[in-house]
Amino acid sequence: MGKKDDYDRELERLQERVVDLQHRLIEDGRRALILFEGRDAAGKDGAIKRLTEFMAPRQTRVVALPKPTERETTQWYFQRYVPHLPAGGETVIFNRSWYNRAMVEPVMGFCTPAQTDAFLKHAPRFERALVEDGVCLIKLWLDISRGEQASRLEERLENPLKRFKVSPLDAEAQARWDAYSAARDRMLAESHTDAAPWTCVITDDKKTARLNVIRLVLKALGDREVKPDPKVCVAGNRAGARLNP
C-alpha cells in the first residue's frame, strides 16, 4: 500500500472512533468545546473538515464569527462568544475564537495594548469557569513554517477553487511574521493553564497534522487508545523553542 492508502485507512479508522465517542458524549449529555487557532494557511479548515465529516450534524456546530459589529465592540469582550457555547450533548468548534484578541487584533492594530493585557488576564479565568462547570475545553494551536505558509498562500491565489480562502490579511501574514511569532509566544505562555492547556501541532505535513488533530481530540475526550505523534504535538507553555520562530 502507498502512503495515500495508509493515510486514508488511518483517517477512516479515526473517524469511526470519533463517531463512536460522540455517540457516548450525546448519550451522557457532555459538552465539548474545541478551539482551533493558528497562523494563516496552517490548515485549520482542512483539519476541521476531516474531524467533523461524519459527526452528528444536529449536535455539532462549527463557529467562525465575522468581524464584530459596532454594537459588539462595546460589549464585554467574551459576550459575542457565549451564545455559541455548547449545551448538553453538543460539540462546538471555534474556527478562530476569543484568542483573536491575543493574535490578529494586536498585530494588526485592531485593539489597544491595554485591551490585550486585560484579555490575557481574564481568558484563563473565563476558561476555568467553563471547565469547572463541566465543559470539556480543548485548545489547539496549528503551527506552520514561514516557507510553507508562503507556498500555501501563493497557491490560494492561483487556484480558483480556493477563492473563498483568500483574505485581505493574507499579505500581512508574511510581512508581520515576527510580530505574529511574538504574539503567539506570549499567548501560549500566559494562557496555558492546568485547567485549559494548549497543545501545538506542527502542520507543514497536512495529512500528518490532520490525523494528529483527530487523535488529540479523541484523547482529550476520553479515548485512551489513540496516541498522537509527540514529535509534532507539544505542550503550549513549553513550546516556544520548538515552534517556528
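Since the structure is predicted, the reported quantities are computational estimates derived from the model, not experimental observations. (Residues numbered from 1 in each chain as written. Predicted model: local features only at pLDDT ≥ 70, side-chain atom pairs only at ≥ 80, totals over all residues. Heavy atoms only, no water.)

Side note on the overall build of the protein chain
Reasoning step 1: When you go through the protein chain residue by residue, the secondary structure sums to 8 helices and 6 strands.
Reasoning step 2: At 18 Å, the protein chain has a C-alpha radius of gyration in line with the 18 Å of a compact globule built from 245 residues.
Reasoning step 3: Principal-axis analysis of the C-alpha atoms gives the protein chain an extent of 50 × 45 × 35 Å.
Reasoning step 4: Residue burial in the protein chain is summarised as follows: out of 245 residues, 48% are buried.
Reasoning step 5: In the protein chain, once contacts between residues fewer than 6 apart in sequence are set aside, the share between residues at least 24 apart is 77%.
Reasoning step 6: Element-wise, carbon and sulfur atoms account for 51% of the exposed surface of the protein chain, whose accessible area totals about 13,000 Å². (Helix = DSSP H or I, 4+ residues; strand = E, 2+ residues; numbered from the N terminus. Rg over C-alpha atoms; globule rule 2.2 N^0.38 Å. Buried < 20%, exposed > 50% of the residue type's maximum accessible area, 1.4 Å probe, protein only. Contact = heavy atoms within 4.5 Å. Areas by Shrake-Rupley, 256 points an atom, 1.4 Å probe, with all protein chains shown as cover.)

Brief notes about the sheet that holds strand β2 (residues 60-63)
Reasoning step 1: What the 6 strands build is an open sheet, ordered β2-β3-β1-β4-β5-β6; its pairing is mixed. The open sheet is flanked by β2 and β6 (233-235), the only strands paired with a single partner. Adjacent strand axes in the sheet meet at a mean angle of 20°, parallel and antiparallel pairs treated alike.
Reasoning step 2: Here 4 bridges tie β2 to strand β3 (residues 91-95), and the two strands are oriented parallel to one another. Bridging across to β3, Val62 finds its partner in Ile93.
Reasoning step 3: Relative to the sheet, helix α2 (residues 44-52) contacts β1 (31-38), β2, β3 and β4 (135-143), its axis offset from that of β1 by approximately 155°.
Reasoning step 4: This element, helix α7 (residues 177-191), spans β4 and β5 (198-202) of the sheet and lies at about 155° to β4. (Pairing = 2+ DSSP bridges. Axes fitted to C-alpha atoms, helices over the stretch in contact; angles between N-to-C directions.)

Considering the packing of α2 against helix α8 (residues 206-220)
For any two helices packed against each other, one specifies the crossing angle of their axes together with the interaxial distance.
Reasoning step 1: The geometry of α2 relative to α8 is characterised by a closest axis approach of 9 Å and an angle of 55° between their N-to-C directions. Relative to α8, the element α2 is oriented oblique. Relative to α8, the crossing made by α2 is right-handed. Counted together, Gly46, Ala47, Arg50 and Leu51 of α2 and Arg210, Val213, Ile214 and Val217 of α8 form the full contact between these two elements.
Reasoning step 2: Here the residues of the contact of α2 with α8 are counted per class, giving 5 nonpolar, 1 polar and 2 charged. (Parallel < 35°, antiparallel > 145°, perpendicular 65-115°, else oblique. Left-handed = near helix turned anticlockwise from the far one by under 90°. Nonpolar A, V, L, I, M, F, W, Y, C, P; charged D, E, K, R; others polar.)

Observations regarding the packing of aromatic side chains
Reasoning step 1: Evaluated as defined, the whole model comprises 14 aromatic pairs.
Reasoning step 2: Where Tyr77 meets Phe119, the ring centres are 5.6 Å apart and the plane angle is 80°; that geometry is what we call edge-to-face. Remark: Phe119 occurs in helix α4 (residues 113-132) and Tyr77 occurs in the loop between β2 and β3; sequence separation between them is 42 residues. Take Tyr77 and Phe119: they sit in the same class, and that class is buried.
Reasoning step 3: Each residue in the set Trp76, Tyr77, Phe78, Tyr81, Phe94, Trp98, Tyr99, Phe119, Phe126 and Trp198 is aromatic and connected to the rest through ring pairs, giving one cluster.
Reasoning step 4: The cationic tip of Arg39 hangs over the ring face of Trp177; the distance from NZ or CZ to the ring centre is 3.5 Å.
Reasoning step 5: The ring of Tyr81 carries the charged tip of Arg80 above its face, separated from the ring centre by 5.6 Å. (Phe/Tyr/Trp six-rings, centres within 6.5 Å; stacked < 30°, edge-to-face > 60°. Lys NZ or Arg CZ within 6 Å of the ring centre and 35° of its normal.)

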